[in-house]
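Chains, contacts and geometry: an overview
The lines below spell out each chain.
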Amino acid sequence: MFTIGKLSKATGVKVPTIRYYEQIGLLPEPDRSAGNQRLYGAETRETLSFVRHARDLGFPIEAIRELLVLARHPSASCADADEIARRQLAEVRARIARLSQLAEELERMVHHGAHGTVAECRVLEVIADHSECAHHDHPAD
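What you see is a predicted model, and the numbers here were worked out from it, not measured in a lab. (Residues numbered from 1 in each chain as written. Predicted model: local features only at pLDDT ≥ 70, side-chain atom pairs only at ≥ 80, totals over all residues. Heavy atoms only, no water.)

Remarks on the overall build of the protein
Let me state the cut-off plainly: Each helix is a run of H or I in the DSSP string that is no shorter than four residues. Each strand is a run of E no shorter than two, and both are numbered from the N terminus. To get the radius of gyration, use the C-alpha atoms; to get the globule rule, take the number of residues to the power 0.38 and multiply by 2.2 Å. Between buried and exposed lies partly exposed: a residue is buried under 20% and exposed over 50% of the maximum accessible area for its type, with that area taken using a 1.4 Å probe on protein chains only. Contacts were defined at the residue level, with two residues in contact if any of their heavy atoms lie within 4.5 Å. Using the Shrake-Rupley algorithm and a 1.4 Å probe, accessible areas are obtained, with residue cover drawn only from the displayed protein chains. Charged residues are defined narrowly, with Lys and Arg counted positive, Asp and Glu counted negative, and His plus the chain ends left uncounted. Lysine's charge is taken at NZ, arginine's at CZ, aspartate's at CG and glutamate's at CD.
Looking only at helices and strands, one finds 6 helices and 2 strands in the protein. What you see in the protein, going N to C, is helices and strands ordered as α-α-β-β-α-α-α-α. For 141 residues, the compact-globule estimate of 2.2 N^0.38 gives 14 Å, and the protein exceeds it by more than 25% at 23 Å. With respect to the principal axes defined by its C-alpha atoms, the protein has extents near 70 × 40 × 20 Å. Out of the 141 residues belonging to the protein, those deemed buried represent 23%. Of all intrachain contacts in the protein linking residues separated by at least 6 positions in sequence, the fraction that spans at least 24 positions is 45%. Counting only carbon and sulfur atoms, one obtains 55% of the accessible surface of the protein, whose full area is about 9800 Å². Each charge class in the protein was averaged separately, 18 positive and 21 negative side chains, and the resulting centres sit 10 Å apart.

Some words on the UniProt feature "domain: HTH merR-type" (unreviewed entry) in the protein
Formally: UniProt positions are given in the numbering used here, feature names are shortened, and annotations may be inferred rather than shown by experiment.
The UniProt record annotates "domain: HTH merR-type" (unreviewed entry) at residues 1-70. End-to-end, the C-alpha atoms of residues 1-70 are 26 Å apart, and along that stretch the chain is 60% helix and 6% strand.

Given below as structure tokens:
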């Protein structure tokens with residue numbers, strides 16, 4: 001059995017995050033010691049490690065919840081898990097594209113604003129006026 005602190009060390013997940021995962025039902029309610037201390041078994045450690053790795057891969061909580069349900073049915077088709085992973089891959093690719101555009105915009109700002117005074121600073125102009133961005137199709141707020 002693991003206390004919450006030992007579970008945290010074993011998985012690399014912070015104590016408040018473990019409590020949060022319990023609160024939202026991603027982890028089961030733990031057993032309690034006579035002193036009301038949370039006690040976790042090996043199965044919870046494995047589940048928490050799974051959740052941590054899925055979070056590291058960028059999966060949202062709801063997708064992780066779906067994956068955990070699928071994992072409880074080892075003889076079922078893997079098609080649903082594949083689809084969840086495909087959705088995550090598409091999201092990662094979209095994020096990479098947005099970050100690439102952001103990098104290009106920041107490069108333009110830096111190269112055009114690397115001289116002069118603050119009054120003529122291109123970096124400050126672009127940040128102050130969203131329409132000055134070369135990629136002004138991204139949301140302002």
